[in-house]
Number of protein chains: 2
Amino acid sequence: VAYIYFKGEIIEESEARISIDDRSFRFGDGVFDTALVVNSKLYDFAAHQERLKRGLETFEIEIDIANLEEIARTLVEKNSIEEGYVRMIVSRGENGPEAMGYLPVNTQPYLVVQTAAVPFPSYKQLTLWVSSYEAHMPLPSKVNASLHYVLAMQEAAKQGCENALILNTKGHICETGSGNIFWIKDEVLYTPSLQLPFVAGTVRKRVIDLWGGAVEEGVFTLDALSEADEIFMSNIGHMVAAVKAIKPLGYAAKSDVLTQQIREKLIAEIQAQTSV
Amino acid sequence: VAYIYFKGEIIEESEARISIDDRSFRFGDGVFDTALVVNSKLYDFAAHQERLKRGLETFEIEIDIANLEEIARTLVEKNSIEEGYVRMIVSRGENGPEAMGYLPVNTQPYLVVQTAAVPFPSYKQLTLWVSSYEAHMPLPSKVNASLHYVLAMQEAAKQGCENALILNTKGHICETGSGNIFWIKDEVLYTPSLQLPFVAGTVRKRVIDLWGGAVEEGVFTLDALSEADEIFMSNIGHMVAAVKAIKPLGYAAKSDVLTQQIREKLIAEIQAQTSV
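A brief structural summary. (Residues numbered from 1 in each chain as written. Chains lettered and ligands numbered in written order. Predicted model: local features only at pLDDT ≥ 70, side-chain atom pairs only at ≥ 80, totals over all residues. Heavy atoms only, no water.)

### Some thoughts on the state of the cysteines
Residue and element names in this part refer to chain A. Convention followed: Cysteine sulfurs are considered disulfide-paired once they come within 2.5 Å of each other. The classification of residues rests on relative accessible area computed with a 1.4 Å probe and restricted to protein chains. Under 20% of the type maximum is buried, over 50% is exposed, and intermediate values are partly exposed.
For the structure shown, the criterion picks out zero disulfides over all chains. Cysteine Cys161 is unpaired, with the sulfur of Cys174 as its nearest cysteine sulfur at 19 Å. Taking relative accessible area as the criterion, Cys161 reaches 6% and is therefore assigned buried.

### Some points on the relation of the copies chain A and chain B
Put simply, the test is: Superposition of the copies was done by least squares, using only C-alpha atoms of residues whose pLDDT is at least 70 in both.
Mapping chain A onto chain B calls for a rotation angle of 180° and an axial translation of 0.0 Å; the resulting RMSD is 0.0 Å. Each copy turns onto its partner about a two-fold axis.

### Some points on the interface of chain A and chain B
Rules: By definition in these notes, contact holds between two residues if any of their heavy atoms fall within 4.5 Å. By buried area we mean the combined loss of accessible area, with a 1.4 Å probe, across both parts when two parts are placed together. Each salt bridge in this description consists of a side-chain nitrogen of Lys or Arg and a carboxyl oxygen of Asp or Glu lying within 4 Å of one another.
Contact with chain A, which involves 54 residues of that partner, is made by 54 residues of chain B. Counting the surface lost from both chain A and chain B, the interface buries some 4700 Å², and carbon and sulfur atoms represent 65% of this. Contact with chain B buries area across many residues of chain A, yet Ile20, Phe25 and Tyr102 of chain A alone supply 18% of it, more than any other trio. Counting across the chain A and chain B interface gives four salt bridges. With a closest N to O distance of 2.4 Å, Glu60 of chain A and Lys158 of chain B form a salt bridge.

### Examining the side chain of Thr259 of chain A
Note the following rule: Put simply, DSSP marks the helices as runs of H or I at least four residues long and the strands as runs of E at least two long, and each gets a number from the N terminus on.
Mapped onto the secondary structure, Thr259 of chain A falls in helix H7 (residues 257–274). In this structure Thr259 of chain A touches Tyr123, Ile184, Glu230, Ile231, Phe232, Val240 and Ala242 of chain A, once residues within four positions along its chain are discounted.

### Side note on the pattern of salt bridges
For the structure on display, the rule yields 22 salt bridges over all chains. Arg92 of chain B is the salt-bridge partner of Asp29 of chain B, the closest N and O atoms lying 2.6 Å from each other. In this pair, Asp29 of chain B is assigned in the loop between helix H1 (23–27) and strand S3 (30–38) and Arg92 of chain B in the loop between strand S5 (84–91) and strand S6 (110–117), connecting sequence segments 63 residues apart. A single network of salt bridges, built from pairs that share partners, joins Lys205, Arg206, Asp209 and Glu269 of chain A.

So this is what it looks like as structure tokens:
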């Protein structure tokens, strides 16, 4: 039996019931986040809670999530999660019966928290597909309206690629279909600037902090990737995964030595922080 | 008691149960449409069904909706709807337990159909707010990932406006926050071209067909609206509503005579087709 937190209480997942009038079901009107569990402990949880809170504030979804970490800890213990994830979803709820449209009216936002037992991610080497779906909206957090990511991942899979590379309308590199992008050239670490329209990853920040050498955050086009020595992506599902090729760009990685090094640094930090 | 069609059967709305792992709840991964009911009859239903089908095909959501009109008719009768709407929602369903991310894996899409009793829309004069949210993605149908419309409507409401005016990243006029936009200058009817990123309205098509004079579909900037004699929006919720002002553009309508005429033509068609 898997327990979840749902609208203020801990229940069995099978008992949760979302209405067909729910605005997250209807419009993707809500935010979510996913945090890592290692050694039965939450890793870097404050960063996830902070991001979720930023999304709620930006979109004016009024709900207090001050006790989120306590809820997450309770579920990790109750569901006996050693390695895996905690997923947090906020829906704006339903409109009152007098209103049916996009404009929120008398909504009652609510929080769902669930866990998943998943082994710690092994090292992967991925191929990316340059997506025909463009990044467009500055995103303070992950949002439940994520169809463009779904379509970008679906398109990449059809091309035999494991992930997508998403640009904005001006051709600037933004992110992958499910995480941030980095590349290394002459031992300098490059990554798109947070001015660009993508979600600032919690792992992205850890990678920058742990790198130890020069880091350049900026606005880049595909040319920058063509010349890279190594490329990798970061997210909570892979931690760090090498990008071995980008199609149809024609990029093929020359190396993944530094990618593996930064991954090991990150894993060492995670182990240190969760084995206390 | 309101009956709905849910996953293959007709049930009471309160019995419907959507999982927290549903991809429409999680990601807005699905499509929807809303059709008008007048005199207990469906109006222009084929256009809605066709649009929904186009969305399903584009997004590769595999579900057969051939019997949609029959389902809609059954619910209109069972729920005794004289005037109102039929809303159709397709969710891609849940991923199998082996996959949690954006990429659809072994999903089972399903259809939800519900009705709402709402009086036929009275004539409205609206003020629009030029949105800071930009249109970006070509949309074959309405999509469940509609957070940008929610935010555009929310922003407009905060500015004391009833709806939003949405431009693309190049400043081209696209649509309102919940329907299409038209304007009249020297008795020519203007509206954004379907090449632009917005959903082609069923009412938009009826307005163009019924206009009877010159129609120009094209790519326009806000200057075109500043000079307009009349502006109106079209959707299934208003049919045709006059735009009396656009903020902060400073537009104030000089007239709404031709707007009222086209609305009356449309209502005459609806009455004729639903009173058989």
